[in-house]
Amino acid sequence: MARSGPGTARARRAWRRRPFGAGLALVLGGAEILLVQRAGPGVLLSAGADVRYALPLLMCGCGVLVVLHPRGRRRYAVVGVLASLGSWVASDLGGFLVGMTLGIAGGLAALGGPSGRDGATTPG
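To start, this report covers the structure provided alongside it.

Procedures and definitions
Residues numbered from 1 in each chain as written. Predicted model: local features only at pLDDT ≥ 70, side-chain atom pairs only at ≥ 80, totals over all residues. Heavy atoms only, no water. Disulfide = S-S within 2.5 Å. Buried < 20%, exposed > 50% of the residue type's maximum accessible area, 1.4 Å probe, protein only. Axes fitted to C-alpha atoms, helices over the stretch in contact; angles between N-to-C directions. Helix = DSSP H or I, 4+ residues; strand = E, 2+ residues; numbered from the N terminus. Parallel < 35°, antiparallel > 145°, perpendicular 65-115°, else oblique. Left-handed = near helix turned anticlockwise from the far one by under 90°. Contact = heavy atoms within 4.5 Å. Nonpolar A, V, L, I, M, F, W, Y, C, P; charged D, E, K, R; others polar. Expected span 1.5 Å × (residues − 1). Arc of directions from axis to C-beta. Patch = residues over 30% accessible without salt bridge, like charges linked within 9 Å, V, L, I, M, F, W, Y side chains within 5 Å. Areas by Shrake-Rupley, 256 points an atom, 1.4 Å probe, with all protein chains shown as cover. Salt bridge = Lys/Arg side-chain N within 4 Å of Asp/Glu carboxyl O. Lys, Arg positive; Asp, Glu negative; His and termini not counted. Charge placed at Lys NZ, Arg CZ, Asp CG, Glu CD.

**Describing the state of the cysteines**
Tallied over the full model, the rule gives 0 disulfides. Summary of cysteine pairing: cysteine 60 is not part of a disulfide, and the nearest cysteine sulfur, belonging to cysteine 62, is at 9.5 Å. Its relative accessible area of 18% is what places cysteine 60 among the buried residues. In this structure cysteine 62 comes out as buried when scored by relative accessible area, which is 4%.

**Section: the packing of helix α5 (residues 73-90) against helix α7 (residues 98-112)**
Taken N-terminus to C-terminus, the directions of α5 and α7 make an angle of 160°; their axes are 8 Å apart at the nearest point. Here α5 lies roughly antiparallel to α7, going by the angle between them. When you trace α5 past α7, the crossing you get is left-handed. Across the interface between the two elements, Arg73, Arg74, Ala77, Val78, Val81, Ser84, Leu85, Ser87 and Trp88 of α5 pack against Met100, Gly103, Ile104, Gly107, Leu108, Ala110 and Leu111 of α7. Looking at the contact of α5 with α7, its residues break down into 10 nonpolar, 4 polar and 2 charged.

**Focus: α5**
Since the α-helix advances by 3.6 residues per turn, residues separated by three or four positions end up pointing in the same direction. With 18 residues, α5 extends 25 Å from end C-alpha to end C-alpha; this agrees with the ideal 26 Å at 1.5 Å per step. Burial in α5 covers these residues: Arg73, Ala77, Gly80, Val81, Ala83, Ser84 and Ser87. Viewed end-on, α5 has its buried residues packed into an arc of 165°, placing them on one side of the element. Opposite the buried face of α5, at more than 90 degrees from it, the exposed residues are Arg75, Leu82 and Val89. Downstream of α5 by a residue or two, aspartate 92 has a phi angle that is positive, lying close to 50°.

**Describing α7**
When the terminal C-alpha atoms of α7 are compared, their 21 Å separation across 15 residues agrees well with the 21 Å that a helix rising 1.5 Å per residue should span. Every buried residue belonging to α7 is among Gly99, Met100, Gly103, Gly106, Gly107 and Ala110, and all of these are buried. Looking down the long axis of α7, one finds its buried residues gathered within 135° of arc, a one-sided arrangement. Contact partners of the buried residues in α7: α2 (20-37), α4 (51-68), α5 and α6 (92-96).

**Quick look at a positive patch on the surface**
On the surface, Arg10, Arg12, Arg13 and Arg16 cluster together into a patch of positive charge. Among the secondary structure elements, arginine 13 is positioned in helix α1 (residues 6-16). Judged by its relative accessible area of 45%, arginine 13 is partly exposed.

**What to know about the packing of α2 against α4**
The geometry of α2 relative to α4 is characterised by a closest axis approach of 7 Å and an angle of 160° between their N-to-C directions. On the basis of their axis angle, the class for α2 and α4 is roughly antiparallel. Note on packing geometry: the crossing formed by α2 with α4 is left-handed. Contacts from Phe20, Gly23, Leu26, Val27, Gly29, Gly30, Ala31, Ile33, Leu34 and Gln37 in α2 reach Arg52, Tyr53, Pro56, Leu57, Met59, Cys60, Cys62, Gly63, Val64, Val66 and Val67 in α4. Along the lines of polarity and charge, the residues of the contact of α2 with α4 split into 15 nonpolar, 5 polar and 1 charged.

Geometric values such as these leave the question of function open.
Written out as structure tokens, the structure reads:
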């Protein structure tokens, strides 16, 4: 049975203000690059993980953090965009350009989105 009340409505509004689409694009871009490389869990969890696997994992982590911590989303978005650009060289042309493009688009959407603060007005 669903709860209703002022607390749940406030929580729903707070979740709607989060940059979910931007974080999802970053996570999907990182996942696509990992799938193109066919990385198994043994390779990802080994101590000698290569940059080829570290950059997509960093993209996925930044995508999750963009959604969970919207106040620091600009820092995570910049790191996500840089990891996406680094995947061009490190991993099969950025997952054959699809993963890199998704990562850059998600990072730029997180950078350019509204601030998420209550009472903040958007210019224009």
